[in-house]
2 protein chains.
Amino acid sequence: MLSVVLIGTGNVSVKLQQAFSLSEEVQLLGVFGKEERKDEILPSGLKVRAISEVDEKADIIVIAVADDAITSVQKKLGASNALVVHTAGSIPMEVLAPIKRRGVFYPLQTLSADREVDFNSLPLCLECSQHEDRELLQQLAESVSASVHWINSIERERLHLAAVFTNNFVNHMICQAEKICVEYDLPKEMLHPLLDETVAKAKILGAFEAQTGPAVRGDLSVIEKHLNLLPESARQELYKTITASIQNEYESQL
Amino acid sequence: MLSVVLIGTGNVSVKLQQAFSLSEEVQLLGVFGKEERKDEILPSGLKVRAISEVDEKADIIVIAVADDAITSVQKKLGASNALVVHTAGSIPMEVLAPIKRRGVFYPLQTLSADREVDFNSLPLCLECSQHEDRELLQQLAESVSASVHWINSIERERLHLAAVFTNNFVNHMICQAEKICVEYDLPKEMLHPLLDETVAKAKILGAFEAQTGPAVRGDLSVIEKHLNLLPESARQELYKTITASIQNEYESQL
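Residues numbered from 1 in each chain as written. Chains lettered and ligands numbered in written order. Predicted model: local features only at pLDDT ≥ 70, side-chain atom pairs only at ≥ 80, totals over all residues. Heavy atoms only, no water.

1. Quick word on the overall build of chain A
Looking only at helices and strands, chain A features eight helices and eight strands. Dimensions along the principal axes, computed over C-alpha positions, put chain A at roughly 70 × 40 × 30 Å. The 254 residues of chain A split such that 58% are buried. Of the contacts made within chain A by residues no fewer than 6 positions apart, 55% connect residues no fewer than 24 positions apart. Summed over its atoms, the accessible surface of chain A is roughly 11100 Å², and 49% of this surface lies on carbon and sulfur atoms. Here chain A contributes 24 positive and 36 negative side-chain charges, whose respective centroids are spaced 4 Å apart. (Helix = DSSP H or I, 4+ residues; strand = E, 2+ residues; numbered from the N terminus. Buried < 20%, exposed > 50% of the residue type's maximum accessible area, 1.4 Å probe, protein only. Contact = heavy atoms within 4.5 Å. Areas by Shrake-Rupley, 256 points an atom, 1.4 Å probe, with all protein chains shown as cover. Lys, Arg positive; Asp, Glu negative; His and termini not counted. Charge placed at Lys NZ, Arg CZ, Asp CG, Glu CD.)

Below, the structure written as structure tokens:
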């Protein structure tokens, strides 16, 4: 049985609380943070308490707070004897120094308090400073997911960049499409089958192979029509830059 | 029973052949086009023939060819008495003039010969020049799909622009993410759960509400780290332009 303490009361912490509570191999000793969440019922007995009261007997302390709050939590923890891990994609493990047994437990997923997550397929990216802690961290990860990966800080930063394209930038493309529908009074749900098939195809063929459209086939008359339909120069700029990027991608492969 | 002739031997034609062949309300009289496809077994008796031999007794002639070939097909058809429709998203119905009974039958989906399509949920966008033909075209659309929409040429052009963001540009974002994984020897499949959740969330919440990440929260230190990880100026430009577009989107709402 692994005893775990969670620090933080945001979405990542809420979802990890749920995952750890469901696991028979994990005992969640408590959740520590600034504020109690109204939208979340903590498992009974796990009150939100001040970080200075963190249970020193935990095997693993998981810091699930905003990126810029990790250092201040590390300072409040002082010289912990537990394995202390953070959950951030773009923050090196070393920000947890001088804690001796430090590591990372990064869930590669967008976590929202009100969305169900399939933990079993959720990729967990692990790193730790002490070789002896690998087994402990692996055990914690396997208690909630079947997709466990050892990724060092440099790799994780790159993976996080790829995640920004996959999540933030894909979402912004969908946002632009929805905006056009709203502006012209077209039902945005009409785009959903296309969106689903786009993703299914990219996953099966690979996105490089799956690319179609006016940019990759060099259809200048459609590109010009589209630019004329976009009212602001910022949106024209966005369209032009992505079109140029697609063309650049395929030209360089010829 | 509607009798239909298909012109074209590309992916759209192949998928429509399959859909019409499965429908009990449609009799496919023939497929006309330049070349026989090796990857497709035509329903028995439907040989690919020259466009000049098109069966004049068809109720509806569907031109499913590349955008820039529509006009030349229209010229070869001459003064047809059938309802003649094209299947292109960004081409006005009027390119079919002087054919009197002209229209559009635009499937809002990315169609590949080797991918199964759920026709029933596939949005079909219809338009026709003669009011009397609405029922006929509606009947053809309903014979293959439950998602039938009357969309004029101006609306269809806008919808096609939204489709470019949804399909081509979303795919390019996934392509960029995969490229980072390949470059740094990370398994690109790790991104699939994130991609699925990104799309699921955008559909449920709307993409505007679903936006997260360094751009929307103004996290300049992460943005700078990411720019340093992108080796070429073209990819930096892409990252910067999308980041600025996200920021612009949310600033203008404040």
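2. Digging into the packing of aromatic side chains
Counted by the stated rule, this structure contains ten aromatic pairs over all chains. Look at Tyr239 of chain A and Phe165 of chain B: their rings are 6.3 Å apart centre to centre, the planes differ by 70 degrees, and that puts the pair in the edge-to-face class. Here the residue Tyr239 of chain A occupies a position in helix 8 (residues 233-251), and Phe165 of chain B occupies one in helix 4 (residues 153-183), the pair thus bridging two chains. In this structure Tyr239 of chain A comes out as buried when scored by relative accessible area, which is 1%. Each member of the aromatic cluster is reached from another via a ring pair, and the members are Phe165 and Phe169 of chain A together with Tyr239 of chain B. It is Arg134 of chain A that lies over the ring of Trp150 of chain A; its NZ or CZ is 4.1 Å from the centre. (Phe/Tyr/Trp six-rings, centres within 6.5 Å; stacked < 30°, edge-to-face > 60°. Lys NZ or Arg CZ within 6 Å of the ring centre and 35° of its normal.)

3. With respect to the interface of chain B and chain A
Each partner contributes residues to the interface: chain B has 85 residues there, and chain A has 85 residues. Roughly 8300 Å² is buried in total at the junction of chain B and chain A, and carbon and sulfur atoms are behind 67% of that figure. On the surface where chain B and chain A come into contact, there are ten salt bridges. A salt bridge links Glu197 of chain A to Arg115 of chain B; its shortest N-O distance comes to 3.0 Å. For the pair chain B and chain A, the interface holds 34 residue pairs in polar contact (both at pLDDT 80 or more). For the side of chain B that touches chain A, the elements supplying multiple residues, two or more each, are helix 4, helix 5 (192-205), helix 6 (207-210), helix 7 (220-229) and helix 8 (233-251) of chain B. (Buried area = accessible area lost by both parts, 1.4 Å probe. Salt bridge = Lys/Arg side-chain N within 4 Å of Asp/Glu carboxyl O. Polar contact = N/O pair within 3.5 Å; in protein donor to acceptor, adjacent residues only side chain to side chain.)

4. Some details on the relation of the copies chain B and chain A
Note on the copies: chain B fits chain A at an RMSD of 0.0 Å, the axial shift is 0.0 Å, and the rotation between them is 180 degrees. Such a combination of rotation and displacement between the chain copies is what one expects of a two-fold axis. Considering only C-alpha atoms, the part of chain B nearest the rotation axis is Val170 of chain B, at 2.6 Å. The overlap is high: 100% of the interface residues of chain B also sit at the interface in chain A, so the same surface is used on both sides. (Least-squares fit on C-alpha atoms with pLDDT ≥ 70 in both.)

5. Observations regarding the pairing of strand 6 (residues 102-107) of chain B
All names here are of chain B. For strand 6, the buried fraction is high: six of the six residues fall into the buried class. Of the strand pairs in this sheet, strand 6 and strand 7 (residues 124-128) are connected by five bridges, and their pairing is antiparallel. Paired with Pro107 across the strands is Leu124, a residue of strand 7. (Pairing = 2+ DSSP bridges.)

6. Comments concerning unusual backbone geometry
Glycine aside, residues mostly have negative phi, and peptide bonds are mostly found in the trans state. All names here are of chain A. Of note, the bond from Ala97 into Pro98 is cis; its omega dihedral lies within 30 degrees of zero at 10 degrees. For Pro98, the location among the structural elements is in the loop between strand 5 (83-86) and strand 6 (102-107). Unusually for a residue other than glycine, Asp185 sits at a positive phi of about 60 degrees. Position of Asp185 among the secondary structure elements: in the loop between helix 4 (153-183) and helix 5 (192-205).

7. Structural notes on the environment of Ala66 of chain B
One can find Ala66 of chain B in the loop between strand 4 (60-63) and helix 2 (70-77). Judged by its relative accessible area of 46%, Ala66 of chain B falls in the partly exposed class.

8. Regarding helix 4 of chain A
All names here are of chain A. Here helix 4 contains 31 residues, and its C-alpha end-to-end distance of 43 Å stays within 8% of the 45 Å for a straight helix at 1.5 Å per residue. Along helix 4, the sharpest change in direction is near 30 degrees and occurs at Val164. Among the 31 residues in helix 4, 25 count as buried, and that is most of the element. Among the residues of helix 4, the N-terminal cap falls to Asn152, whose side-chain oxygen and the backbone nitrogen of Ile154 are separated by 3.1 Å. (Expected span 1.5 Å × (residues − 1). Bend = angle between axes of the 7 residues up to and from the residue.)

9. Remarks on the sheet that holds strand 7 (residues 124-128) of chain A
All names here are of chain A. Overall, mixed pairing links the eight strands, which are arranged 3-2-1-4-5-6-7-8 in an open sheet. In this open sheet, the two strands that pair with only one neighbour each are strand 3 (48-49) and strand 8 (148-150). Where strand 7 meets strand 8, three bridges bridge the pair, whose relative direction is parallel. Bridge pairing in strand 8 places Cys125 opposite His149. Across the sheet, helix 1 (residues 11-22) touches strand 1 (2-7), strand 2 (26-32), strand 4 (60-63) and strand 6, and the angle it forms with strand 2 is around 155 degrees. Contacting strand 1, strand 4 and strand 5, helix 2 (residues 70-77) runs over the sheet at an angle of about 150 degrees to strand 4. (Axes fitted to C-alpha atoms, helices over the stretch in contact; angles between N-to-C directions.)

10. Structural notes on the pattern of salt bridges
Two side chains carrying opposite charge are able to pair once their charged atoms lie near each other. All names here are of chain B. Considering all chains together, one arrives at 24 salt bridges over all chains under this definition. A salt bridge links Asp219 to Arg217, with the nearest nitrogen and oxygen atoms 3.1 Å apart. Assessed through its relative accessible area of 15%, Asp219 is described here as buried.

11. Some words on helix 2 of chain B
Residue and element names in this part refer to chain B. All of the buried residues along helix 2 are Ile70, Val73, Gln74 and Leu77. Buried residues of helix 2, seen end-on, are gathered within an arc of 100 degrees and therefore sit on one face of the element. Away from the buried face of helix 2 by more than 90 degrees, exposed residues Lys75 and Lys76 are located. Tucked into the core, helix 2 has its buried residues touching strand 1 (2-7), strand 4 and strand 5 (83-86). (Arc of directions from axis to C-beta.)

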